[in-house]
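An overview of the molecular structure
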Amino acid sequence: NRSLWSFLQFLPLSILLLQKLKILHSANYQDSKLLNMDMVTGAMDRSWENGLCSCFGDIKMCIITFILPCYTAGKIGDKIPGLSCIVAGLLFAVPVVNLFIAFKLRTGLKTVKMINESIVATIFFAWCCSPCALIQEARELGVDVPMARH
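First, a word on what this report is: a plain description of the structure on this page. (Residues numbered from 1 in each chain as written. Predicted model: local features only at pLDDT ≥ 70, side-chain atom pairs only at ≥ 80, totals over all residues. Heavy atoms only, no water.)

**Looking at the packing of helix α3 (residues 69–77) against helix α4 (residues 85–92)**
For clarity, the threshold we go by: Axes here refer to lines fitted to C-alpha atoms; in helices the fit is confined to the stretch in contact. Angles between the N-to-C directions go from 0 to 180 degrees. A run of H or I in DSSP becomes a helix once it reaches four residues, and a run of E becomes a strand once it reaches two; helices and strands are each numbered from the N terminus. To sort the angles, those under 35 degrees are grouped as roughly parallel, those over 145 as roughly antiparallel, those from 65 to 115 as roughly perpendicular, and the leftovers as oblique. Each crossing gets its hand from how the near helix is turned against the far one by less than a right angle, where anticlockwise is left-handed and clockwise is right-handed. Should any heavy atoms of two residues lie within 4.5 Å, those residues are counted as being in contact.
The interhelical angle for the contact between α3 and α4, taken along N-to-C directions, is 150°, at an axis separation of 7 Å. By the angle between their directions, the pair α3 and α4 is classed as roughly antiparallel. As for how α3 packs across α4, the hand of that crossing is right-handed. Note on element contacts: α4 touches α3 through C85, A88, G89 and F92, opposite P69, C70, A73, G74, K75 and G77.

**Regarding helix α6 (residues 119–128)**
For an α-helix, 3.6 residues make a turn, and residues three or four places apart therefore share a direction. Convention followed: Per-residue accessibility, obtained with a 1.4 Å probe over protein chains only, is compared with the maximum for each type, and a residue is labelled buried under 20%, exposed over 50%, and partly exposed between these values. Starting at the helix axis, one direction is taken to each C-beta atom, and the arc is that of these directions.
Taken together, the buried positions of α6 are A121, T122, F125 and A126. Projected down its long axis, α6 shows its buried positions confined to an angular sector of 120°, all on one face.

**Looking at the pattern of salt bridges**
Which entries qualify depends on this criterion: Every case where a carboxyl oxygen of Asp or Glu lies within 4 Å of a side-chain nitrogen of Lys or Arg is listed as a salt bridge.
Applying the stated criterion across every chain yields a total of two salt bridges. Salt-bridge contacts for R106 lead to E117; the nearest nitrogen and oxygen are separated by 3.1 Å. With R106 in helix α5 (residues 97–113) and E117 in the loop between α5 and α6, the pair connects residues that are eleven residues apart, well separated along the chain. E117 shares its class with R106; the two are buried.

Written out as structure tokens, the structure is:
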């Protein structure tokens, strides 16, 4: 309970910091998405369709993920090549290993969806804003969480 309170106190400060650094991709910037062509592969890079802080837009998924993040991680892992629902979910429940899995999920999603995001931003979001990052990734993949159906 104390760690949740600490997290909730830190969350507004980290969001403010991200906004000041202009790292945060907000759903409000949908109209200004930039498509960049990779000069080596010719692939089109995209930005996130769901902002990091748009996690509160789907409150049911938000509640599920904050209570049981390993479930959402498993559902995301099911849609990432090289992972499975059970492996991603169980490993996300193991301290320290969850940092690697959070990074692996986000990196896998970036590869599948060709999303352009720096490695520093990926590490920061996966490790420091993990619940919001999981929700962003789940929404990006169209993951359906129980009780989150409309």
